Every structure is written in structure tokens, then in C-alpha cells.
Amino acid sequence: MLFSSNLFLFLFLPIILLVYFGINKIVKPPILISNLILIIFSFFFYLWGSGLFTAIFLASIFINYLFGRLMAKHARLKKIFLFLGITANLCLLGYFKYFNFFCQQISTWLHLTPPTIVPIFLPIGISFYSFMAISYLVDVYRQQKSANFIDFVLYLSFFPHLVAGPIVRYQEIAEEIKKRQPSIDQFFEGLWRFSLGLSKKVIIANSVGQLTDKVFSLPPNEVGSLLALSGIIAYTIQIYFDFSGYSDMAIGLAGFFGFKFPENFCHPYMASSITDFWRRWHMSLSRFFRDYLYIPLGGNRLVSIRTYFNLIVVFTLCGLWHGASWTFVVWGLYHGVLLVIERILKNKFHYEPKGIFSIILTFSLVSLGWIIFRSPTLSFAINYVKTLFAFSDRLPPFYTLRYFIPPNVAFYLAIGLIFSFFPLTKPKNAYLRGLIILTLTLISLSFLSKISFTPFIYFQF
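Predicted model only: the values in this text are computed from it and were never measured. (Residues numbered from 1 in each chain as written. Predicted model: local features only at pLDDT ≥ 70, side-chain atom pairs only at ≥ 80, totals over all residues. Heavy atoms only, no water.)

J.: I tried to follow the overall build of the protein chain on my own but got confused; where do I start?
T.: Looking only at helices and strands, one finds 19 helices and zero strands in the protein chain. In terms of overall size, the protein chain behaves like a compact globule, its C-alpha atoms giving a radius of gyration of 23 Å where 461 residues would be expected to give roughly 23 Å. Referenced to the eigenvectors of the C-alpha coordinate spread, the extents of the protein chain come out at roughly 70 × 55 × 55 Å. Every one of the 461 residues in the protein chain was classed for burial, and the buried ones make up 52%. For the protein chain, the accessible surface area stands at approximately 22,100 Å², while carbon and sulfur atoms represent 70% of it. Between the centroid of the 37 positive side chains of the protein chain and the centroid of its 17 negative side chains there is a distance of 5 Å. (Helix = DSSP H or I, 4+ residues; strand = E, 2+ residues; numbered from the N terminus. Rg over C-alpha atoms; globule rule 2.2 N^0.38 Å. Buried < 20%, exposed > 50% of the residue type's maximum accessible area, 1.4 Å probe, protein only. Areas by Shrake-Rupley, 256 points an atom, 1.4 Å probe, with all protein chains shown as cover. Lys, Arg positive; Asp, Glu negative; His and termini not counted. Charge placed at Lys NZ, Arg CZ, Asp CG, Glu CD.)

Below, the structure is given as C-alpha cells:
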């Protein structure tokens, strides 16, 4: 069930709001009842899209809760329970996401007969709720308080973050799980974020995604440099507005019920370096890898060569987290290498990137990386880059540039570029803010009435 679907907007969301606030208004129930209402609706939300995979999610909840309680009760054995808990999560994630991929690679490396591949379907949200569970276990190991069962179930299953993040830590919302009082101001703040995210997705991301899909559906040698450039700029805009739009909606939905989720994006295309970009892009994932992998590996506290090694390892694994494909691995490695280069320039030459040139350079490097990320194979990505720098003006036979970039797509591409560098700020005037919310919502709904099913890009991860 998509946040941007008619089913969610006109059925699920109104019902949960009526039930939740109706009961709270009539009987003033204890927080336990309010939490149970959210859990019931969250499981229905997940069951609707995942079916039998809900059993896998339930197993993950029980296993992680058990290991959390064991660590809290048996301090001397907590390292063992932490290891077992993390291993259980990684095995679950590894089987569904990487088993077939590694079987194929091993058979290729050992020159064995290719195995018969039985499709393994990926449970929705498994990458996100597995990482959230790992963060919970590590925090309990580090002397943070463990949750009771109902609180833990709500933490892991709360529908706004369940499918595609943000990766929320238990301690970030623990107090709100135990005690919260949604306010009118918080509700309207959530409405602002939700309407902004909805418009990002259905107006900008879906519109420019038409150009992306057309360009990347063709062999790179049939695409000229101008069209290749247009295609990757479109994808650069699409993935940002698609994923940041989802995050805005998740943060807004959480705000409806009195929760404050951490920010996941902070104008990443305004970054002046790749280091700065990763402080702004998918911030909850960046924090996860920093706190639970990079720092435990030694971070930047060791000799320079070890720091560079740590960066390469972390970002290669970050790429692999996105999917079982060499394109994702190379994309992560690409960013790791760029970060190492920046660290060397800073340490050896005291280089500090700043100014408009640095922003344009960073945007260009990030966009080049998106070619690898979007391509179905590495050879496709290599040929696409070759086409991009061939400086040819050819077009595929029987096609015109207008077919790929009709006026409406060009308009929304321009709007996306403008708001990537000059983001919309929330007006202080409540009436103006309300007018913008209404306008964005009505335009978004008009788009929803005309488009087909378009899932969020990060649902596949």
C-alpha cells in the first residue's frame, strides 16, 4: 500500500485517524491502548502489501525482542547474545536478498555448472526493519534500556517507517512510545510535511521518471550525448524527489500521531563535497553505518591508510545493502574512493571545498554515480558513460527529441532542478502555509487520477 495511492489516502489514512483520535477524544485511553491501535493498523498495512511475508516479519520481531531481553537480564553473556542476534538478522537478510546472487557468483568463480535458480521474493521493508532491529540490539548492549514487548512491537512495526525508513533508533522515539500528547500544531506540521512529500513524488518524481525510463530502456549506443545527459539528470532528480518525498510523508504521518522522526534528507544537491553529500543524503542510513560499522572499525582514529580502508569497506557494504548486484557494489565503491580522495586532499593539501564550483562539481560526480546505480549491468553503465562523453547528437532511429522530452516533462524537470538548489521553505504565516498545503494536495490528487501504479524506488531495497 503506497502512501501516494488512492487506497491509502482515501481509505486507510482517514480510518486510522478517525479511530485513533476518536477513541482518544471519547474515552482518553491509557497509552497502551493507543499503541495497540497503531500496532493493529500497522500490521494490516504490512499484511496488505506483503501477505505471507508478514510471518517473516513476526519472526523477526520475536527473535529480536528475545535477544534484547536476554542481554538486559544476563550482562555477562550479552556479547554472545548480541552476536547471535546480529547473526540472525544478517542471515535473514542474506537469504532473501543475496542467496541467489552469491550462488551465481561462486559457481562462476569456481567454473561450476550454473545452479538452478529458484526465485526468492524479497519481503517488503526487510532491509529497513532488519537494520532497525540491529541498531536496537547494539544500543541495548551499550547499556541503553530495553523495551517491553508492546513498545518494541510498535517501534519495529509502526507503518510510517516500516517499508522504506527512515531507519529510526529506539531511543529516538522511546519517550514518545511511552508518553505522548499529539497537538494541533504537531498535526498541521505533519500535514505540511506530508503534502510536500506527496507533491515531490507524484508531481516531480513520477513526471521526470518518464524520461528516465525511456532513455534507460534503450541500448546506450543508440542514445546520443544530449539524450544521455538528459536521462541521467532526470534520474538524479527522480531518485531525490522520490525518496525524499517518501521520507517527508513518513515524517508527516508520524507527526499526526505525536512522533518526531529524524530527518532523512537535508538538501543533498547543495552539498559542496561528497563528504558533505553523505551528511545530507539518506541521513539515517549514513548514521547507521557510521555508528555501527565505521566507528567500531576504528573510524578516523587510526593511521590514515586504515581510515581509507574503513571508508572503502563501509561504502562498499552500503552499496551492497541497496541490492544484490555488482552495479550497487561498484556504486558504493565509487563513493568510497571519492571520499578517500577528498580525505587525502584535506590531509595533505588542506583543501576545503566551498563555493558554487564545488557544488556543481559534487552534483556532477553524484550524477555520474547514479548512472551506475540505475544501470541494469556494469557493461550498460560503462557504455552509457562512453556515450555521455562522446559528444554526439544522434538520436535513436525514428525518434525525435520531443518524444523523450515533451514540454510537460521538460517543465517538471526544470522545476525539480530549481527546487533541488532553492528548496521550498515553510512560511511562517499559518494561512499562507494552509493555502500551499491545499494547493499542493489538490494538484497531487489531480496527478494521481491520471497516472498508473508507480512504486517508490526504495521499495526494491
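Still more to cover.
J.: Help me out: how do you make sense of the pattern of salt bridges in this one?
T.: Opposite charge on two side chains permits them to pair, given that their charged atoms come into close proximity. A full pass over the atoms with the stated rule returns 10 salt bridges. Linked through salt bridges whose partners overlap, the residues forming this network are Arg 193, Lys 200, Asp 248 and Glu 263. (Salt bridge = Lys/Arg side-chain N within 4 Å of Asp/Glu carboxyl O.)

J.: Looking at this model, I keep getting lost on the environment of Pro 30. Mind explaining?
T.: Mapped onto the elements of the fold, Pro 30 is located in the loop between helix H1 (6-27) and helix H2 (31-50). Note: C-alpha distance between Pro 30 and Lys 179 (149 residues apart in sequence) is 9.4 Å.

J.: Which parts of the structure should I look at to understand the state of the cysteines?
T.: Each disulfide is one covalent bond, formed between the sulfur atoms of two cysteines. Evaluation of the coordinates by the stated rule reveals zero disulfides. Of all cysteine sulfurs, the one in Cys 318 lies closest to Cys 266, which takes part in no disulfide; the gap is 18 Å. The exposure class assigned to Cys 266 is partly exposed, which follows from its relative accessible area of 35%. (Disulfide = S-S within 2.5 Å.)

J.: What exactly am I supposed to notice about the nonpolar core here?
T.: Most often, soluble globular proteins keep nonpolar side chains buried together rather than apart. Phe 8, Phe 159, Phe 257, Phe 259, Trp 281, Trp 370 and Tyr 458 are the most contacted members of the largest nonpolar core, which totals 132 residues. Setting aside its immediate chain neighbours within four residues, Phe 159 contacts Phe 3, Phe 8, Phe 12, Ile 16, Ser 42, Phe 45, Leu 253 and Phe 257. Counting five residues, the second largest nonpolar core, distinct from the first, contains Trp 192, Leu 196, Ile 436 and Leu 440. (Core = buried A, V, L, I, M, F, W, Y, C linked by side-chain atoms within 4.5 Å. Contact = heavy atoms within 4.5 Å.)

J.: Would you mind showing me how to read the side chain of Arg 433 here?
T.: Position of Arg 433 among the secondary structure elements: in helix H19 (residues 430-448). With sequence-adjacent residues up to four places away left out, Arg 433 is seen in contact with Trp 192, Lys 426, Pro 427 and Lys 428.

J.: Can you help me understand unusual backbone geometry in this one?
T.: One can expect most non-glycine residues to show negative phi and most peptide bonds to be in trans. Even without being a glycine, His 267 presents a positive backbone phi close to 50°. Of the residues examined, His 267 reaches a relative accessible area of 32% and is grouped as partly exposed. Positive phi, close to 55°, is recorded for His 350, a residue that is not glycine. Tracing the backbone shows His 350 in the loop between helix H14 (326-349) and helix H15 (355-374).

J.: I keep staring at a nonpolar patch on the surface and nothing clicks. Help me out?
T.: On the surface, a nonpolar cluster with roughly 690 Å² of combined accessible area is contributed by Phe 102, Ile 106, Trp 109, Leu 110, Leu 112, Trp 326 and Leu 378. Along the polypeptide, Phe 102 turns up in helix H4 (residues 78-109). For Phe 102, a relative accessible area of 37% corresponds to the partly exposed category. (Patch = residues over 30% accessible without salt bridge, like charges linked within 9 Å, V, L, I, M, F, W, Y side chains within 5 Å.)

J.: Please clarify how the packing of aromatic side chains should be interpreted in this entry.
T.: Here the distance between the centres and the angle between the planes together describe a pair of aromatic rings. Tallying each qualifying case throughout the model produces 74 aromatic pairs. Geometrically, the ring pair formed by Phe 3 and Tyr 246 is stacked, given 4.9 Å between the ring centres and 10° between the ring planes. With Phe 3 in the segment before H1 and Tyr 246 in helix H10 (residues 225-256), this pair connects stretches of sequence that are 243 residues apart. Taken together, a centroid distance of 5.3 Å and an interplanar angle of 90° make the contact between Tyr 269 and Phe 363 edge-to-face. Linking Tyr 269 in the loop between H10 and helix H11 (274-280) with Phe 363 in helix H15, this pair joins segments that are 94 residues apart in sequence. Phe 363 matches Tyr 269 in its accessibility class, with the two residues each being buried. Positioned above the aromatic ring of Tyr 403, the side-chain terminus of Lys 214 is 4.3 Å from the ring centre. (Phe/Tyr/Trp six-rings, centres within 6.5 Å; stacked < 30°, edge-to-face > 60°. Lys NZ or Arg CZ within 6 Å of the ring centre and 35° of its normal.)

J.: Hey, could you run me through the layout of surface pockets in this one?
T.: Rolled over the atoms, a probe with the dimensions of a water molecule shows which regions are left empty. Approximately 900 Å³ is the volume found for the largest pocket. Sorting elements by how many residues they give to the lining of the largest pocket places helix H9 (residues 184-216) first, with 10 residues. Residue composition of the lining of the largest pocket, grouped by class: 19 nonpolar, 10 polar and seven charged. Within this model, the second largest pocket holds a volume of roughly 740 Å³. As for the second largest pocket, its lining consists of 26 residues, and the residues nearest its centre are Thr 275, Trp 278, Arg 279, Leu 339 and Arg 343. (1 Å grid on protein atoms, 1.4 Å probe; cavity = no way out; pocket = protein on both sides within 12 Å on 5 of 7 lines; lining within 4 Å. Points joined across faces, edges and corners; volume = space filled by probe spheres on them. Nonpolar A, V, L, I, M, F, W, Y, C, P; charged D, E, K, R; others polar.)

J.: How should I be thinking about H2 in this particular structure?
T.: An α-helical turn contains 3.6 residues, so any two residues separated by three or four positions project in the same direction. Helix length check: H2, at 20 residues, gives a terminal C-alpha distance of 28 Å against a target of 28 Å (1.5 Å per residue), a fit within 8%. Buried within H2 we find Ser 34, Asn 35, Ile 37, Leu 38, Ile 39, Phe 41, Ser 42, Phe 43, Phe 45, Tyr 46 and Ser 50. Packing partners of the buried residues in H2 comprise H1, helix H3 (54-73), helix H5 (126-141), helix H6 (149-157), helix H7 (159-162) and helix H8 (170-178). Looking one or two residues beyond H2, the residue adopting positive phi is Gly 51, at roughly 60°. (Expected span 1.5 Å × (residues − 1).)

J.: Help me out: how do you make sense of the environment of Lys 201 in this one?
T.: One can find Lys 201 in helix H9. Assessed through its relative accessible area of 1%, Lys 201 is described here as buried. Sequence spacing of Lys 201 and Pro 455 is 254 residues, and the spatial spacing of their C-alpha atoms is 9.7 Å. Not counting residues up to four positions away in its chain, the partners in contact with Lys 201 are Ser 4, Asn 206, Phe 241, Asp 242, Met 249, Thr 454, Pro 455 and Phe 456.

Everything listed is a geometric property; what it means functionally is a separate question.
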